[in-house]
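Structure assessment
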Amino acid sequence: MAVRLNNSGICNFITDTELERIEPQVSLAAKMLDEEMGSKSWHNLPQEFDSNELEAILQAAEEIKNRADVFIVIGIGGSSLGAKAAIEWLRSIFYNEKSQLKIYFAGNNLSASYLSNVIACCEDKEVYINIVSKSGETLEPMLAFGIFRNLLEQKYGKIEASKRIFVTTDEEKGTLLRMAKDNGYRRFVIPEDIGGRYSVLTAVGLLPMAVAGIDIRQVMNGARNACLYLSDKKFPENESLIYAAYRNCLNRKGKRIEVLIGLEPDFHSFAEWFKQLFAESEGKDGKGIFPTAGIYSTDLHALGQFIQDSGSLIFETVIDVLNSNVDMCAESECIHNFGLAHSSLSQINKKVLEGALKAHVDAAVPSIVLRIPQVNEFEYGYLIYFFEKACAISALVLGVNPFNEPGVLAYKLKTAKLLQE
């Protein structure tokens, strides 16, 4: 069992007739993805991923684990979010506090304060870096790369520093590729036809995951299973198609804000990855569903009021993990007024979620519940692929290209002009 969809919180909002009407559009989008885009995208990647590339990633990760105290991943957006999400969700948001090898992310902002703090964490430490950029033309990561490359060259000398730099970039072109060749940096490939937000299951995400001790073979096994299952099953047995259908039906009813909900703080960076995936894929031509996120029960005390009473713009998508990897019992003496004797925290959290969803449904806020058995590498890989496929199909049904980002290019051009001035 991997992702399973529960529609009890949505069946009162979408009729069988509406699903029947949208089914041909969803099935056509899936066919387009399979036949017209499949050979030129991430779509078949889990089945076709080069085993030699996987072994090279594992060897590089082993070297870094054996020799480094600090590993810095430099990238922005899809170049870092998937790896950060995996490390936090599969290991812990306290990964660095518990691990001898620290992993820090840089190049995702232009903050001197942030970069200074990362540099301070490198003092008297053995450092490796991984710069991730397809072209080498994105300001934030290239600025950070220059700073950390200089740090390594001052610390080790240019030749030794080059042995500690891994570059993940385009195979055939780009500024970063030229720099890598000129300086002898070891390289991993971002396939030309895979955009950043769809690149988690390439070296972009797999190298940092492997350095963190995540079993990337199992991640790819999960993605491969998703690829096979979600390509084989048709509407309505295919959860990715149903999810895409639900989203578009709700959008047509004026539900233009989707709140992704998790139940653990470790889920935060996964939600950030989700937001970028759907925002950049769908937000075009005056269309799209605005993606945001929350953690329950924490955000029931922050966003809950808005979700409950703000009107009819919102729907929720909940990631419900059926089996907790860690649990503990509540101390009944401290919470005797709640009638929770002998209850575990996971049981209590599920009841809070159940109560919140019932209240939200009563307030005309639909909820789509996606259930996974537990949090592990296999399920992570499956869920990544599930959302990538569902997102691409949903965007095609919406009538936009899931794989470009013209708005991002527009802001970059304006910024470049200002910087030149």
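One can find the structure itself at the top, above this paragraph.
Residues numbered from 1 in each chain as written. Predicted model: local features only at pLDDT ≥ 70, side-chain atom pairs only at ≥ 80, totals over all residues. Heavy atoms only, no water.

Attention now goes to the pairing of strand β7 (residues 257-262). Here is the key point about a regular strand: its side chains alternate between the two faces of the sheet. The element β7 is extensively covered by neighbouring structure, given that 6 of its 6 residues are classed as buried. Here β7 shows two buried faces, one formed by Ile257, Val259 and Ile261 and the other by Glu258, Leu260 and Gly262. In this sheet, strand β8 (residues 290-295) lies alongside β7 in parallel orientation, the contact comprising 6 bridges. By the bridge assignment for β8, valine 259 is matched with threonine 292. Handedness of the β7-helix α13 (residues 268-282)-β8 crossover: right-handed. For β7 and strand β9 (residues 314-321), the ladder comprises 5 bridges, and the chain directions are parallel. Bridging across to β9, isoleucine 257 finds its partner in isoleucine 314. (Buried < 20%, exposed > 50% of the residue type's maximum accessible area, 1.4 Å probe, protein only. Helix = DSSP H or I, 4+ residues; strand = E, 2+ residues; numbered from the N terminus. Pairing = 2+ DSSP bridges. Right-handed = clockwise from strand over helix to strand, strands pointing away.)

Counting 96 residues, the largest nonpolar core has Trp89, Leu207, Phe270, Tyr380 and Phe387 as the members making the most contacts within it. The element best represented in this core is helix α16 (residues 377-398), accounting for 13 residues. In this structure phenylalanine 387 touches Tyr243, Leu260, Phe270, Trp273, Phe274, Leu277, Phe278, Ile319 and Leu370, once residues within four positions along its chain are discounted. Core analysis: the next-biggest nonpolar cluster, separate from the first, contains 24 residues, Val118, Tyr156, Ala180 and Tyr185 among them. (Core = buried A, V, L, I, M, F, W, Y, C linked by side-chain atoms within 4.5 Å. Contact = heavy atoms within 4.5 Å.)

What the 5 strands build is an open sheet, ordered β1-β10-β9-β7-β8; its pairing is mixed. The open sheet has two edge strands, β1 (4-6) and β8, and neither has a second partner. Neighbour-to-neighbour, the strand axes of this sheet turn through a mean angle of 25 degrees, independent of strand direction. Relative to β1, helix α12 (residues 239-252) is tilted by about 35 degrees, and along the sheet it contacts β1, β7, β9 and β10 (367-372). (Axes fitted to C-alpha atoms, helices over the stretch in contact; angles between N-to-C directions.)

Moving on: the packing of α12 against α16. One can describe the packing of α12 onto α16 by two numbers: an axis separation of 8 Å at closest approach and a directional angle of 40 degrees. On the basis of their axis angle, the class for α12 and α16 is oblique. Note on packing geometry: the crossing formed by α12 with α16 is right-handed. Contacts between α12 and α16 involve Glu239, Ser240, Leu241, Tyr243, Ala244, Arg247, Asn248, Asn251 and Arg252 from the former and Phe386, Phe387, Lys389, Ala390, Ile393, Ser394, Val397 and Leu398 from the latter. (Parallel < 35°, antiparallel > 145°, perpendicular 65-115°, else oblique. Left-handed = near helix turned anticlockwise from the far one by under 90°.)

Note on terminology: disulfide describes a covalent bond linking the sulfur atoms of two cysteines. All told, the structure shown has 0 disulfides when counted by the stated rule. Cysteine 227 supplies the cysteine sulfur nearest to cysteine 391, a cysteine that is in no disulfide, at a spacing of 16 Å. Using a relative accessible area of 0% as the deciding quantity, one classes cysteine 391 as buried. (Disulfide = S-S within 2.5 Å.)

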